[in-house]
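Coordinate analysis (summary)
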Amino acid sequence: MGRTELAAWPSAKATQASTDHQWPDFSPGLADTIREHFPDLPPAAVALALRMWGRMHGLISLEVYGHLGTRTGDPAKLYHAELLDLLRSLRLDVEHARHLGTPRPST
């Protein structure tokens, strides 16, 4: 977890209204670290970050272990679409994110 989750939380929290996570839901070490470094993040933000991580990690794992390459000609395109869907579901700025992964000109 880091500054990205902290920056995303104000927009994303409206999508998390039904969560009832509490600090005891997480390991004491994680909870203590988050509360120390990001005291304004609530437990629901931590749960959201873990779910985001799981969602993207799952797709990356499929690619790493060769399961996507046999089913799609462009795993990166699928990954990018999933990332954009995740951002939309959290009411985050999709237009800004469209440029993620766009190759930059060499200097």
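Residues numbered from 1 in each chain as written. Predicted model: local features only at pLDDT ≥ 70, side-chain atom pairs only at ≥ 80, totals over all residues. Heavy atoms only, no water.

Some words on the overall build of the protein
- Each helix and strand counted, the protein has five helices and zero strands in total.
- Reading the secondary structure of the protein in the N-to-C direction produces α-α-α-α-α.
- Taking all 107 residues of the protein together, the buried fraction comes to 26%.
- Total accessible area on the protein stands at roughly 7,500 Å², and carbon and sulfur atoms take up 56% of it. (Helix = DSSP H or I, 4+ residues; strand = E, 2+ residues; numbered from the N terminus. Buried < 20%, exposed > 50% of the residue type's maximum accessible area, 1.4 Å probe, protein only. Areas by Shrake-Rupley, 256 points an atom, 1.4 Å probe, with all protein chains shown as cover.)

A look at the environment of Glu 82
- Take Glu 82: it is sitting in helix H4 (residues 75–89).
- A residue is classified by how much of its surface remains accessible, and Glu 82, at 23% relative accessible area, is partly exposed.
- The spatial distance from the C-alpha of Glu 82 to the C-alpha of Met 56 is 7.8 Å, given a sequence separation of 26 residues.
- For Glu 82, the contacting residues outside a window of four places in its chain are Arg 55, Met 56 and Leu 59. (Contact = heavy atoms within 4.5 Å.)

Digging into the nonpolar core
- Formed by 16 residues in total, the largest nonpolar core has its most connected members in Trp 9, Trp 23, Ile 34 and Leu 41.
- Broken down by secondary-structure element, the contributors of at least two residues to this core are helix H1 (3–12), helix H2 (28–37) and helix H3 (43–64).
- Looking at which element gives the most residues to this core, the answer is H3, with six residues. (Core = buried A, V, L, I, M, F, W, Y, C linked by side-chain atoms within 4.5 Å.)

Details of the pattern of salt bridges
- Counted by the stated rule, this structure contains three salt bridges.
- Of the charged contacts in the structure, one is a salt bridge between Asp 85 and Arg 55, with a shortest N-O distance of 2.6 Å. One end of the pair, Asp 85, is in helix H4; the other, Arg 55, is in helix H3, with 30 residues separating them in the sequence.
- Taking the relative accessible area as the measure of exposure, Asp 85 reaches 37% and is therefore partly exposed.
- Classification of Arg 55 as partly exposed rests on a relative accessible area of 29%. (Salt bridge = Lys/Arg side-chain N within 4 Å of Asp/Glu carboxyl O.)

A short note on the environment of Gln 22
- By the element assignment, Gln 22 lies in the loop between H1 and H2.
- Through-space distance from the C-alpha of Gln 22 to that of Val 46 is 9.7 Å; in sequence the pair is 24 residues apart.

Notes on unusual backbone geometry
- In the Ramachandran plot, Arg 91 falls in the positive-phi region, its phi being about 60° despite a non-glycine side chain.
- We classify Arg 91 as exposed; its relative accessible area is 55%.

Side note on the confidence of the model for the protein
- Of the residues in the protein, 81% have a pLDDT of 70 or more, and the chain-wide mean is 81.
- Least confident of the elements in the protein is helix H5 (residues 94–97), whose mean pLDDT is 62; most confident is H2, at 95. (pLDDT = per-residue confidence, 0-100.)

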